[in-house]
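Each chain, written out:
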Protein chains: 2
Amino acid sequence: MATKTELRRQELRDNLITIAERTIAKKGLTALRARDLASEAGCAVGAIYNVFGDLTDLVLAVNARTFHRLGADVAEALAEAPQDPVEQLVIMAQAYHRFAADNHLSWRALFDVERAPGEAAPDWYLQEMGQLFTYISDPLAAIFPDRDSHELALLTRALFSSVHGIVLLGLDEASAGVPSDDIDRMIALVLRQIAIVK
Amino acid sequence: MATKTELRRQELRDNLITIAERTIAKKGLTALRARDLASEAGCAVGAIYNVFGDLTDLVLAVNARTFHRLGADVAEALAEAPQDPVEQLVIMAQAYHRFAADNHLSWRALFDVERAPGEAAPDWYLQEMGQLFTYISDPLAAIFPDRDSHELALLTRALFSSVHGIVLLGLDEASAGVPSDDIDRMIALVLRQIAIVK
DNA sequence: AATACTACTGAACTACGTTCAAAGTAGTCA
DNA sequence: TGACTACTTTGAACGTAGTTCAGTAGTATT
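Here's a quick rundown of the structure.

Procedures and definitions
- Residues numbered from 1 in each chain as written.
- Chains lettered and ligands numbered in written order.
- Predicted model: local features only at pLDDT ≥ 70, side-chain atom pairs only at ≥ 80, totals over all residues.
- Heavy atoms only, no water.
- Helix = DSSP H or I, 4+ residues; strand = E, 2+ residues; numbered from the N terminus.
- Expected span 1.5 Å × (residues − 1).
- Buried < 20%, exposed > 50% of the residue type's maximum accessible area, 1.4 Å probe, protein only.
- Polar contact = N/O pair within 3.5 Å; in protein donor to acceptor, adjacent residues only side chain to side chain.
- Near = heavy atom within 4 Å.
- Axes fitted to C-alpha atoms, helices over the stretch in contact; angles between N-to-C directions.
- Parallel < 35°, antiparallel > 145°, perpendicular 65-115°, else oblique.
- Left-handed = near helix turned anticlockwise from the far one by under 90°.
- Contact = heavy atoms within 4.5 Å.
- Nonpolar A, V, L, I, M, F, W, Y, C, P; charged D, E, K, R; others polar.
- Buried area = accessible area lost by both parts, 1.4 Å probe.
- Salt bridge = Lys/Arg side-chain N within 4 Å of Asp/Glu carboxyl O.
- Core = buried A, V, L, I, M, F, W, Y, C linked by side-chain atoms within 4.5 Å.

Some thoughts on helix α8 (residues 149-171) of chain B
All names here are of chain B. Here α8 contains 23 residues, and its C-alpha end-to-end distance of 33 Å stays within 8% of the 33 Å for a straight helix at 1.5 Å per residue. In terms of burial, α8 is a largely internal element, 19 of the 23 residues being buried. At the N-terminal end of α8, a side-chain oxygen is found 3.0 Å from the backbone nitrogen of His150, two or three residues along, and the residue is Asp148.

Some remarks on the protein's contact with DNA strand D
If you check the shell around DNA strand D, you find 21 residues, and the closest are A:Arg33, A:Ala34, A:Arg35, A:Tyr49 and A:Leu55. The sugar and phosphate moieties of DNA strand D supply 65% of its atoms located within 4 Å of the protein. The contact in question runs from a phosphate oxygen of DNA strand D to an N or O atom on the side chain of A:Tyr49, over 2.7 Å. A distance of 3.1 Å is found between a phosphate oxygen of DNA strand D and a backbone nitrogen or oxygen belonging to A:Leu55. Elements that contribute at least two residues to the surface near DNA strand D include exactly α1 (4-27) and α2 (34-41) of chain A together with α1 (4-27) and α3 (45-51) of chain B. Among the elements that take part in the surface near DNA strand D, α3(B) stands out by supplying four residues, more than any other.

Overview of the packing of helix α7 (residues 123-143) of chain A against helix α8 (residues 149-171) of chain A
Residue and element names in this part refer to chain A. Contact geometry for α7 and α8: axes closest at 9 Å, N-to-C directions at 115°. Relative to α8, the element α7 lies roughly perpendicular. Once α7 is placed against α8, the crossing between them reads as right-handed. Touching Met129, Leu132, Phe133, Ile136, Ser137, Leu140 and Ala141 of α7 are Leu152, Leu155, Thr156, Arg157, Leu159 and Phe160, all from α8. Within the contact of α7 with α8, the residues separate by chemical class into 10 nonpolar, two polar and one charged.

A closer look at the interface of chain A and chain B
Each partner contributes residues to the interface: chain A has 37 residues there, and chain B has 37 residues. A combined buried area of about 3,300 Å² lies between chain A and chain B, and 67% of that area is made up of carbon and sulfur atoms. For the pair chain A and chain B, the interface holds zero salt bridges. Among the secondary structure elements, those contributing two or more residues to the side of chain A that touches chain B are α7, α8 and α9 (180-194) of chain A. Counting residues per element, the side of chain A that touches chain B draws most heavily on α8(A), at 14 residues.

Side note on the nonpolar core
In terms of nonpolar packing, the biggest core is built from 90 residues, with A:Trp107, A:Leu140, A:Val167, B:Trp107, B:Leu140 and B:Val167 touching the most fellow members. In this structure A:Trp107 touches A:Thr66, A:Tyr96, A:Phe99, A:Ala100, A:His164, A:Val167, A:Leu168 and A:Leu171, once residues within four positions along its chain are discounted. By size, the runner-up hydrophobic cluster in this structure holds 23 residues, among which are B:Leu12, B:Ile48, B:Phe52 and B:Val59.

Following this line, the structure appears as structure tokens:
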């Protein structure tokens, strides 16, 4: 039965996710504190643990939203891209870069959650990842119609990882970050070169 | 004057780095605890703070050693590599992969130290990084003699970042890691393709 | 309305990194 | 050598986290 209690719990859950989302976006994962969260949400600290197993679970819920927004941005970029599959790859990768730059701290939180060792990533994570991979493998299949599916899968993963690496190190201001235009240029360099059919 | 005290401090310093190095290698950065460290080193907790500003400083000292070993491994691979510049790139990248796989937790610690926001990476970090970049840019200059230095610098960074990304996501067992051979294959796929001169 | 069950609360517990007053030690000089 | 001074080391105590759970308040059932 969907009781008053259950509704209240659902409301608190959403509320906590939204507050945590804002905190992470503004101040980063490390600024997330159970007591602050509770006082902002107007509930007791213990209440958080009625609704989430621990703070990591809450962060994962925030990350699900972030990942979803990321996927939507990439999909939108793809929808507006020209037919040329190489350009599609470049545009998607640059959308990934833009998302990471515009949502830096939230994006970092995607990778900075500490997962219990040996624990697999949650299902939604693997699914969103799979969705991103599909966006990439479709243009790749058009570029390389002769390659078998395993090779295409590897190339897909390789390209995603490459773009991720370029963005990750490019945005890392500690090691004297790279100008945004140069990041886009590196992405284009790698992807256009990859797409050359010998 | 290089006194008895100073010697003792130096000894403690080295000792702490070695212990921390072993702990990080075996159990990861998050298992590093001031009290455990002190008891293993046979000193008081406070003594750590006579020798390092805080635990992050100690981790940075460990990372300096790790980074140095990494650089040496890559240099060794390069020394044994054939003359062909493309093969040199592939072999170095695979040495990077092997180091990361064989020293997983120590390698992760290189990137997982939390740096104070706005704080630049320490000098030795930038220098070792620069050394790695040189290893890459030399073969690249041989492959692309016509490109200007800015473009080569971008390509160097792009390739390093790409390989880093492939290894990072490939070794991440949380998202169902990739078999070691496939990581090597992805590296080779990207680097060989990059090196095709149109 | 009385009863039984469930959910919420927040003080208390544990586990950290870090500090600093007190105790110890090294260097100096008569 | 022994007394004095300055520096070094110590570890109990502090502050700040995440998390728990006995007590209380609220909800559903009869």
